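Chain by chain, the residues:
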Amino acid sequence: DKDYLDIKKSETVNLEGIGEVNIGKRIIKMRIIYKAMQEGKHYRNFKDLTEETIKWYKEQGMIWDYEKWQKEVYKKAILKWKRLHPEKFYLDIKAKETIDLEGIGEVNIGKRLNIMRQIYKAMQERKYCGTSKDLTEEEIAWYKEQGMIWDYEKWQEEVYKKAILKWKKLHSEKAYLDIKA
């Protein structure tokens, strides 16, 4: 059972009496027009989509904004991973870690989190991260609320500082030289 995301740009359907119809190009073009409309713009000299057209395709399962849909899929996958592994942290997610989401299939959250950390680091350094778009403030905030550690080195340094302060509190009569390696 396929959906609109499975339709490639070159996808055609042979209709009797008409011949080959390239539905792939049409769907891609419709998404571009839809996105422009959402931004209050028009796409080149193409007509805006009518409400009826948008409604009909939506009823057929059309995903108009793939990026937005994809971000929501990753959020669902993260929440499911957290439910399955409440004792673990994001740092425990390996690059090949996948979560199976009903109706969607395998979602590689490990790779996505790794890419997001690279994007975040590049943003902090005021650089671009390949072809990836910057993360939005909302994305950063949401993942942080879920326990995301964006900068591992900074996080690790904070952990060591907390550990040292706790050690000092527990062993106020001792000096740093008394800490065993």
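Each value, and the rule that gives it
- Here the residue numbers are simple positions, counted from 1 along each chain's written sequence.
- Totals for whole chains, interfaces and linings use all residues, but because this is a predicted model, local features are given only for residues with pLDDT of at least 70 and pairs of side-chain atoms are given and counted only at 80 or more.
- In computing side-chain properties, one takes all heavy atoms of the structure into account and sets aside hydrogens as well as water.
- Each helix is a run of H or I in the DSSP string that is no shorter than four residues. Each strand is a run of E no shorter than two, and both are numbered from the N terminus.
- Remark: exposure states derive from per-residue accessible area (1.4 Å probe, protein chains only) relative to the maximum for the residue type, with buried under 20%, exposed over 50%, and partly exposed in between.
- In this analysis, axes come from line fits to C-alpha atoms, helices being fitted only over the stretch in contact, and the angle between any two N-to-C directions falls in the range 0 to 180 degrees.
- Roughly parallel here means an angle under 35 degrees, roughly antiparallel means over 145, roughly perpendicular means 65 to 115, and every remaining angle is called oblique.
- Crossing handedness is defined as follows: a turn of the near helix away from the far one that is anticlockwise and smaller than a right angle gives a left-handed crossing, while the clockwise case is right-handed.
- Any two residues whose heavy atoms approach within 4.5 Å at even a single point are treated as in contact.
- In this scheme, patches are assembled from residues that exceed 30% relative accessible area and form no salt bridge. Like charges are connected within 9 Å, while nonpolar side chains (Val, Leu, Ile, Met, Phe, Trp, Tyr) are connected within 5 Å.
- Note on areas: Shrake-Rupley with a 1.4 Å probe; residue coverage comes only from the protein chains shown.
- We define a salt bridge as a contact between a side-chain nitrogen of Lys or Arg and a carboxyl oxygen of Asp or Glu at a distance within 4 Å.
- By the counting rule applied here, Lys and Arg register as positive and Asp and Glu as negative, while His and the ends of each chain are not counted.
- Lysine's charge is taken at NZ, arginine's at CZ, aspartate's at CG and glutamate's at CD.
- Remark: nonpolar core denotes a set of buried residues (Ala, Val, Leu, Ile, Met, Phe, Trp, Tyr, Cys) joined through side-chain atoms within 4.5 Å.
- The arc refers to the directions leading from the helix axis to the C-beta atoms.
- Working definition: rings of Phe, Tyr and Trp (its six-membered ring) pair if their centres are within 6.5 Å, and the pair is stacked with planes under 30 degrees apart, edge-to-face with planes over 60 apart, and tilted otherwise.

K.L.:
Account for the environment of Asn 114, with residues named and values stated.
P.N.:
Secondary-structure assignment places Asn 114 in helix 4 (residues 109-124). Overall, Asn 114 belongs to the partly exposed group, its relative accessible area being 36%. Expressed as a C-alpha distance, the spacing of Asn 114 and Ile 63, which sit 51 residues apart in the sequence, is 26 Å.

K.L.:
With reference to specific residues and values, describe the packing of helix 4 against helix 5 (residues 137-145).
P.N.:
The contact between helix 4 and helix 5 brings their axes to 12 Å, and the two run at 125°. Of the possible angle classes, the one that applies to helix 4 and helix 5 is oblique. Of the two elements, helix 4 crosses helix 5, and the hand of that crossing is left-handed. Where helix 4 abuts helix 5, its residues Arg 112, Leu 113, Met 116, Tyr 120 and Met 123 lie against Glu 139, Ile 140 and Tyr 143.

K.L.:
Talk me through a positive patch on the surface; I want residue IDs and the actual numbers.
P.N.:
Judged by side-chain charge, Lys 9, Lys 25, Arg 26, Lys 29 and Arg 44 come together as a positively charged surface patch. Position of Arg 44 among the secondary structure elements: in the loop between helix 1 (23-38) and helix 2 (51-59).

K.L.:
Summarise the pattern of salt bridges; cite the residues concerned and give the values.
P.N.:
Considering all chains together, one arrives at seven salt bridges under this definition. With its nearest N and O atoms 3.7 Å apart, the salt bridge here joins Glu 125 to Lys 127. Residue Lys 127 is classed as exposed on the basis of its relative accessible area, which comes to 52%. One salt bridge connects Glu 158 with Lys 161, and the closest N-O pair in it is separated by 3.9 Å. A residue pair is termed a helical-turn pair when its members lie 3 or 4 positions apart in one helix, as Glu 158 and Lys 161 do in helix 6 (residues 152-170) at three residues. For Lys 161, a relative accessible area of 43% corresponds to the partly exposed category. Counted as one network, the salt bridges with shared partners bring together Lys 71, Arg 112 and Glu 139.

K.L.:
An account of the nonpolar core is requested, with residue identities and associated values reported.
P.N.:
Core analysis: the biggest nonpolar cluster contains 24 residues, and Ile 78, Ile 109, Leu 113, Leu 135, Tyr 143 and Trp 150 have the highest contact counts within it. Of all the elements in the fold, those that place two or more residues in this core are helix 3 (66-84), strand 3 (98-101), helix 4 and helix 5. When sequence neighbours within four positions are dropped, the list of residues in contact with Trp 150 reads Met 116, Arg 117, Tyr 120, Leu 135, Glu 139, Ile 140, Tyr 143 and Lys 144.

K.L.:
How would you sum up the side chain of Arg 112? Please name residues and give values.
P.N.:
Within the secondary structure, Arg 112 sits in helix 4. If we ignore the near neighbours within four places in the chain, the residues touching Arg 112 are Tyr 74, Leu 135 and Glu 139.

K.L.:
Provide a residue-level description of helix 5, including the pertinent values.
P.N.:
All of the buried residues along helix 5 are Glu 139, Ile 140, Trp 142 and Tyr 143. Take helix 5 and look down its axis: the buried residues cluster within an arc of 165°, on one side only. Turned more than 90 degrees away from the buried face of helix 5, the exposed residues are Glu 137, Glu 138, Lys 144 and Glu 145. Contacts made by the buried residues of helix 5 are with helix 3 and helix 4. Immediately beyond the C-terminal end of helix 5, within one or two residues, lies Gly 147, with a positive phi of roughly 100°.

K.L.:
So, the packing of helix 3 against helix 5: which residues are in play, and what are the values?
P.N.:
The N-to-C vectors of helix 3 and helix 5 enclose an angle of 10°; their axes lie 12 Å apart at closest approach. With respect to each other, helix 3 and helix 5 are oriented roughly parallel. Within the contact between the two elements, helix 3 uses Lys 71, Tyr 74, Lys 75, Ile 78 and Leu 79 and helix 5 uses Glu 139, Trp 142 and Tyr 143.

K.L.:
Outline the packing of aromatic side chains, listing residues and values.
P.N.:
For the structure shown, the criterion picks out eight aromatic pairs. Between Trp 56 and Tyr 57, the aromatic rings sit 4.9 Å apart at their centres with planes inclined by 80°, giving edge-to-face as the arrangement. For Trp 56, a relative accessible area of 46% translates into the label partly exposed. Note on Tyr 143 and Trp 150: the rings are 6.4 Å apart at their centroids and 75° apart in plane angle, and the pair reads as edge-to-face. Just as Tyr 143 is buried, Trp 150 falls in that class too. An aromatic cluster is built from Tyr 34, Trp 56, Tyr 57 and Trp 64, whose rings are joined through pairwise contacts.

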